[in-house]
Amino acid sequence: MNEIILAQEAAATSFSGFGAIGYGLAAIGPGIGIGILVGKTLEGMARQPEMAGQLRTTMFLGIAFVEALALIGLVAGFLF
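Residues numbered from 1 in each chain as written. Predicted model: local features only at pLDDT ≥ 70, side-chain atom pairs only at ≥ 80, totals over all residues. Heavy atoms only, no water.

Per an unreviewed UniProt entry, the protein chain is named ATP synthase subunit c, and its organism is Corynebacterium pygosceleis. Among the UniProt annotations of the protein chain, the heading Sequence similarities (unreviewed entry) holds the following wording: "Belongs to the ATPase C chain family." (UniProt positions renumbered as here; feature names shortened; annotations may be inferred.)

Caption draft 1: Spatial organisation of the UniProt feature "transmembrane region" (unreviewed entry) in the protein chain. Within this numbering scheme, the UniProt entry marks residues 20-38 and 59-79 as carrying the feature "transmembrane region" (unreviewed entry). The distance separating the terminal C-alpha atoms of residues 20-38 is 27 Å; by composition the span is 100% helix and 0% strand. (Helix = DSSP H or I, 4+ residues; strand = E, 2+ residues; numbered from the N terminus.)

Caption draft 2: Expanded view of the environment of Leu25. Locating Leu25 in the fold gives a position in helix α2 (residues 18-47). Look at Leu25 and you get exposed, because its relative accessible area is 57%. Between the alpha carbons of Leu25 and Gly73 there is a distance of 9.1 Å; along the sequence they are 48 residues apart. (Buried < 20%, exposed > 50% of the residue type's maximum accessible area, 1.4 Å probe, protein only.)

Caption draft 3: Examining the confidence of the model for the protein chain more closely. In this model, the protein chain carries an average pLDDT of 80, and 75% of its residues clear a pLDDT of 70 or more. Within the protein chain, the lowest mean pLDDT, 54, falls on helix α1 (residues 2-11), and the highest, 87, falls on helix α3 (residues 52-79). (pLDDT = per-residue confidence, 0-100.)

Caption draft 4: The pattern of salt bridges, seen in detail. Considering all chains together, one arrives at two salt bridges under this definition. The partner of Glu43 in a salt bridge is Lys40, and the shortest N-O contact between them spans 3.8 Å. Linking Glu43 with Lys40, this pair stays in helix α2, spanning three residues, or about one helical turn. For Glu43, a relative accessible area of 34% gives the class partly exposed. (Salt bridge = Lys/Arg side-chain N within 4 Å of Asp/Glu carboxyl O.)

Caption draft 5: Examining the side chain of Thr41 more closely. Among the structural elements, Thr41 can be located in helix α2. Take Thr41: its relative accessible area is 8%, and that puts it in the buried class. Those residues within four positions of Thr41 in sequence are excluded, and the remaining contacts are Leu55 and Met59. (Contact = heavy atoms within 4.5 Å.)

Caption draft 6: Representation of a nonpolar patch on the surface within the structure. Nonpolar side chains collect at one region of the surface, where Phe18, Ile21, Leu25, Ile28, Ile32 and Ile36 lie side by side and expose about 620 Å² of accessible area between them. Note that Ile36 resides in helix α2. (Patch = residues over 30% accessible without salt bridge, like charges linked within 9 Å, V, L, I, M, F, W, Y side chains within 5 Å. Areas by Shrake-Rupley, 256 points an atom, 1.4 Å probe, with all protein chains shown as cover.)

Caption draft 7: Broad picture of the environment of Gly62. Turning to its location among the elements, Gly62 is positioned in helix α3. Under the relative-accessibility criterion, Gly62 is labelled buried at 18%. For the pair Gly62 and Gly33, spaced 29 residues apart in sequence, the C-alpha to C-alpha distance is 9.3 Å.

Listed below in structure tokens is the structure:
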């Protein structure tokens with residue numbers, strides 16, 4: 001009987017560190033997204049300086065949405 005209990009305990013493994021690894025992988029996407037977003041905005045400002053204000057506003061909205069994805073990834077890492 002003791003052998004069965006020991007086999008059950010050996011089969012029950014804990015995956016405690018995978019949440020941090022998952023969030024680390026989830027943070028790569030928003031990081032790349034913000035890099036592309038800011039780079040393209042600066043490129044647009046260089047091409048048309050008169051549109052700089054509107055491009056900057058749109059860039060900040062895009063950054064907010066991308067950061068929301070990063071926060072969703074953080075919460076999902078804690079939930080799962």
